[in-house]
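Report on the structure
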Amino acid sequence: MTARQAGRVVAIHGSHFLVETTAGVFDCVTRGKKGGIACNDQVEIKPTGATGAVIEQTLPRTNLLYRSDRFRVKLLAANVDRIFIVTAAVPSPNPDLLNRCLIAAEAAGIPACIVVNKTDLPETAALLARLLPYEALGYPLLALAAKQDVTAMLPWLAGKTSILIGASGVGKSTLINRLIPEAEIATREISEALDTGKHTTTHTRLYHLPNGGNLIDSPGMQEFGLQHLDSAGLQAAFPEFRPLIGQCRFYNCRHFKEPGCAILAAVATGQIMAERWRSYVALLHELDAPKY
Ligand SMILES: Nc1nc2c(ncn2[C@@H]2O[C@H](COP(=O)(O)OP(=O)(O)OP(=O)(O)O)[C@@H](O)[C@H]2O)c(=O)[nH]1
Ligand SMILES: [Mg+2]
Ligand SMILES: [Zn+2]
């Protein structure tokens, strides 16, 4: 009988899990029903052959980043130290998606940074100006061009496990290739040449940084459901709401259209960004929708 080994899930392909151990990488399956295992989960496996194994157990997580709509939950990664939300002026950015990523990061208790990629594009100045208020909320803004120079990211990555998330085509895989040349991830140019469709990266995968630490690439997302939050969790994920909570006329104010609402007053004066409040309202209505 082969002994159990500790490992780390580095990629998930359907019902197969690639698990890295000190004895090499194993192609693993789970016992019974699949699911519930995320990239960067720490697991115990039991080898069934030279390269095959069964996942026996998932070890407790420090955190879990995931999205959820009415129908299903999609795990992104576990045990993450930092989330980089990658944006670019092209393709045209979606503030609601950015907000949802930030809210998911807050809800999971993981620090988030915003990366503005493609600074070589002239449209970037306007995007940076629009995103500046996010820095004031506590989300550092890193502006760079993955195709030119990614050194601005290095101090944030060292010794940590980080994940890149964001819309398709913003340059997540290009960034990883620049930071980890041996990753050799296919990026948009290649998928366009092969005509394989819109999303280039189809699986979440963890790569090791040359100077220590790990970086996880993820497929571009269009939607980010947060059905797992309740109304209190949603409000708590907005740092700019915190100083105003308790100042509304009604103790159970939902900050939607109630009279005497301190949040609405702050939106009216511009103290709270209208695009943040719009994401809040959209999410508030989504969590009222029936779940199946
Ligand atoms: N101008 C410019 N283009 C870039 C830069 N970085 C990446 N790109 C381009 O943006 C396109 C998309 O890059 P990818 O790295 O495939 O984007 P992705 O975010 O991984 O996309 P998905 O895998 O679909 O989620 C490619 O054509 C890249 O060459 C940059 O710094 N400047
Ligand atoms: Mg990609
Ligand atoms: Zn209110």
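The rules behind the values
- Residues numbered from 1 in each chain as written.
- Chains lettered and ligands numbered in written order.
- Predicted model: local features only at pLDDT ≥ 70, side-chain atom pairs only at ≥ 80, totals over all residues.
- Heavy atoms only, no water.
- Helix = DSSP H or I, 4+ residues; strand = E, 2+ residues; numbered from the N terminus.
- Contact = heavy atoms within 4.5 Å.
- Pairing = 2+ DSSP bridges.
- Donors = N, O, S within 2.8 Å, 3.2 Å for Na, K, Ca; no water.
- Buried < 20%, exposed > 50% of the residue type's maximum accessible area, 1.4 Å probe, protein only.
- Salt bridge = Lys/Arg side-chain N within 4 Å of Asp/Glu carboxyl O.
- Tetrahedral: all angles 85-135°; square planar, octahedral: opposite > 155°, others 65-115°.
- Axes fitted to C-alpha atoms, helices over the stretch in contact; angles between N-to-C directions.
- Parallel < 35°, antiparallel > 145°, perpendicular 65-115°, else oblique.
- Left-handed = near helix turned anticlockwise from the far one by under 90°.
- Nonpolar A, V, L, I, M, F, W, Y, C, P; charged D, E, K, R; others polar.
- Domains from an automatic or database assignment.
- Expected span 1.5 Å × (residues − 1).
- Bend = angle between axes of the 7 residues up to and from the residue.
- Core = buried A, V, L, I, M, F, W, Y, C linked by side-chain atoms within 4.5 Å.

On the secondary structure map, Phe256 appears in the loop between α6 (231-236) and α7 (262-269). When residues no more than four places from it in sequence are discounted, the contact partners of Phe256 are Leu264, Trp277, Val281, Leu284 and His285.

Before going further, it helps to spend a moment on the pairing of strand β6 (residues 64-68). Pairing between β6 and strand β7 (residues 73-78): five bridges, direction antiparallel. For Leu64, the partnering residue across the bridge sits in β7 and is Ala78. Connecting β6 to the antiparallel partner β7 that follows it, the hairpin turn spans four residues.

The protein atoms that coordinate the magnesium ion (ligand 2) are Ser173 (OG) and Thr201 (OG1), at distances of 1.9 to 2.1 Å. With Ser173 in helix α4 (residues 172-179) and Thr201 in the loop between α5 (188-194) and β12 (205-208), this residue pair connects regions lying 28 residues apart in the sequence. When its relative accessible area of 8% is taken as the criterion, Ser173 is described as buried.

So, on to the pattern of salt bridges. Evaluation of the coordinates by the stated rule reveals eight salt bridges. When the shortest N-O distance is used, the salt bridge between Asp96 and Arg100 registers 2.8 Å. Pair noted here: Asp96 and Arg100 are both in helix α1 (residues 95-108), with a separation of four residues, about one helical turn. The class for Asp96 is partly exposed, based on a relative accessible area of 26%. Accessibility expressed as a relative area gives 7% for Arg100, which makes it buried.

Looking at the zinc ion (ligand 3), the protein donor atoms are Cys248 (SG), Cys253 (SG), His255 (ND1) and Cys261 (SG), and they sit 2.1 to 2.4 Å from it. Around the zinc ion (ligand 3) sit four donor atoms, and with donor-metal-donor angles ranging over 102 to 113° the site reads as tetrahedral. Mapped onto the sequence, the residues coordinating the zinc ion (ligand 3) show the spacing C-x4-C-x1-H-x5-C. Exposure remark for Cys261: the relative accessible area of 5% places this residue in the buried category.

This part takes up the packing of α1 against helix α8 (residues 274-288). A pair of packed helices can be characterised by two numbers: the angle between their axes and the separation between those axes. Between α1 and α8, whose axes approach to 9 Å, the crossing angle comes to 70°. Relative to α8, the element α1 lies roughly perpendicular. Between α1 and α8 lies a crossing whose hand is right-handed. For the pair α1 and α8, contact is made by Pro95, Asp96, Asn99, Arg100, Leu102 and Ile103 and by Glu275, Arg276, Ser279, Ala282, Leu283 and Glu286, respectively. The residue makeup of the contact of α1 with α8, split by class, is five nonpolar, two polar and five charged.

In this section: the domain arrangement of the protein. Segmenting the protein into domains produces domain 1 (5-58), domain 2 (64-217) and domain 3 (231-288). Spacing between the C-alpha centres of domain 1 and domain 3 amounts to 42 Å.

Right, let's get into helix α2 (residues 124-136). Between its first and last C-alpha, α2 extends 19 Å over 13 residues, near the 18 Å set by a 1.5 Å rise per residue. Along α2, the sharpest change in direction is near 35° and occurs at Arg130; proline Pro133 comes one to four residues later. Following α2 by one or two positions, Gly138 has its phi on the positive side, about 110°.

The subject of this paragraph is the nonpolar core. Membership of the largest hydrophobic core comes to 54 residues, with the highest contact counts inside it found for Ile83, Ile163, Phe224 and Leu234. Contributing elements (two or more residues each) for this core: β7, β8 (82-88), α1, β9 (112-117), α2, β11 (161-166), α7 and α8. Sorting elements by how many residues they give to this core places α1 first, with eight residues. Looking at this core, you find at least three residues from each of domain 2 (64-217) and domain 3 (231-288). Those residues in contact with Ile163, other than ones at most four positions away along the chain, are Leu65, Leu76, Ala77, Val80, Arg82, Ile83, Phe84, Leu215 and Ile216. If you look at the next biggest cluster of nonpolar residues, it comprises 22 residues, including Cys113, Leu142, Leu175 and Ile176.

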